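One-letter residues, chain by chain:
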Amino acid sequence: MLKLIPSSVFGLTGLALLAACGSGEPEKAETPPAPPAAAPAPAALPPVDMANAQQFTANGGALTPLTFDRSGSTTVTGAVVGYKAPVYAVPVAAGQTLTVTFQSDSANLYVNVSDAADHSGAALHRGEIDGGTARLKADRDMTFVILPFQPRAMARRNETGTFHLTVSRE
């Protein structure tokens, strides 16, 4: 509460000083800090690059896109008959890691993993040399193509082998 003091105590100069001290505006309350921003939602997976992945079906294998959670895994089984083998396409977002684990009862089945957009024919993971497990980090949104196969000598004899393939994205 404001008390008025007679002007005789301070004189007109005192009243002028007292009036100058108060701005006449009410005090502003401090603004509370903004709550921390929520973590951004993970980006959606890129679409499967079917047009480029189709180039890997030259030996008559069917192209199958693998669908599963953005960070998750799936397991498929299949068979290689001669040169004919299924071809799997997996979309991966930039920064994600694709892990492919290939298992077969046959010592003569292998798996290659390639970039669908690479038309050179080079595999990023060569099962005959690199082993049955591939771990590949995507430097951009891309589609990886997974191609089980057997060596040419076995394929020419039209031999058959079965496999289990576990594919995960993280």
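Before reading further, recall that the structure is shown in the block above.
As the structure is a computational prediction, the values presented were derived from the model and not from experiment. (Residues numbered from 1 in each chain as written. Predicted model: local features only at pLDDT ≥ 70, side-chain atom pairs only at ≥ 80, totals over all residues. Heavy atoms only, no water.)

A. Seen up close, the pattern of salt bridges. Under the criterion given, the structure shown has 4 salt bridges. Of the charged contacts, one joins glutamate 170 and arginine 135 as a salt bridge, the two residues approaching to 3.5 Å between their closest N and O atoms. Taken together, the positions of glutamate 170 in the segment after strand 9 (160–169) and arginine 135 in strand 7 (residues 133–137) put the pair 35 residues apart, joining distant regions of the chain. Residues arginine 157 and glutamate 159 are paired through a salt bridge, measuring 2.7 Å at the closest nitrogen-oxygen approach. What makes arginine 157 exposed here is its relative accessible area of 54%. Overall, the relative accessible area of 26% leaves glutamate 159 in the partly exposed class. (Salt bridge = Lys/Arg side-chain N within 4 Å of Asp/Glu carboxyl O. Helix = DSSP H or I, 4+ residues; strand = E, 2+ residues; numbered from the N terminus. Buried < 20%, exposed > 50% of the residue type's maximum accessible area, 1.4 Å probe, protein only.)

B. The sheet that holds strand 6 (residues 125–126), seen in detail. With respect to topology, 5 strands assemble into an open sheet ordered 1-3-8-5-6, the strand pairing being mixed. Strand pairing shows two members of the sheet lacking a second neighbour, strand 1 (63–65) and strand 6, which therefore form its edges. Taken together, the 3 bridges between strand 1 and strand 3 (residues 87–92) define a ladder with parallel strand orientation. Counted as the bridge partner of proline 65 is alanine 89 from strand 3. (Pairing = 2+ DSSP bridges.)

C. Geometry of the packing of aromatic side chains. Summed over all chains, the structure comprises 2 aromatic pairs. Residues tyrosine 110 and phenylalanine 149 carry aromatic rings whose centres are separated by 5.9 Å and whose planes lie at 40 degrees to one another, so their mutual orientation is tilted. Here the residue tyrosine 110 occupies a position in strand 5 (residues 110–115), and phenylalanine 149 occupies one in strand 8 (residues 142–149), the gap between them amounting to 39 residues. We classify phenylalanine 149 as buried; its relative accessible area is 19%. In this structure, arginine 169 packs its charged tip against the face of phenylalanine 68, placed 3.9 Å from the ring centre. (Phe/Tyr/Trp six-rings, centres within 6.5 Å; stacked < 30°, edge-to-face > 60°. Lys NZ or Arg CZ within 6 Å of the ring centre and 35° of its normal.)

D. Representation of the pairing of strand 5 within the structure. Judged by how many residues are buried, strand 5 sits mostly within the fold: 5 of 6 residues are covered. Two strands pair when backbone bridges link them, and strand 5 and strand 8 are joined in this way by 6 bridges, in the antiparallel orientation. Bridge pairing in strand 8 places aspartate 115 opposite phenylalanine 144. Here 2 bridges tie strand 5 to strand 6, and the two strands are oriented antiparallel to one another. Considered in strand 6, the bridge of valine 113 is made with histidine 125.

E. Layout of the nonpolar core. Formed by 23 residues in total, the largest nonpolar core has its most connected members in Ile146, Leu165 and Val167. Apart from residues lying up to four places away in sequence, isoleucine 146 is in contact with Pro86, Val87, Tyr88, Val90, Val100, Val111, Asn112, Val113, Leu165 and Val167. Residues Ala53, Phe56, Val87 and Ala89 belong to the second largest nonpolar core, which totals 7 residues. (Core = buried A, V, L, I, M, F, W, Y, C linked by side-chain atoms within 4.5 Å. Contact = heavy atoms within 4.5 Å.)

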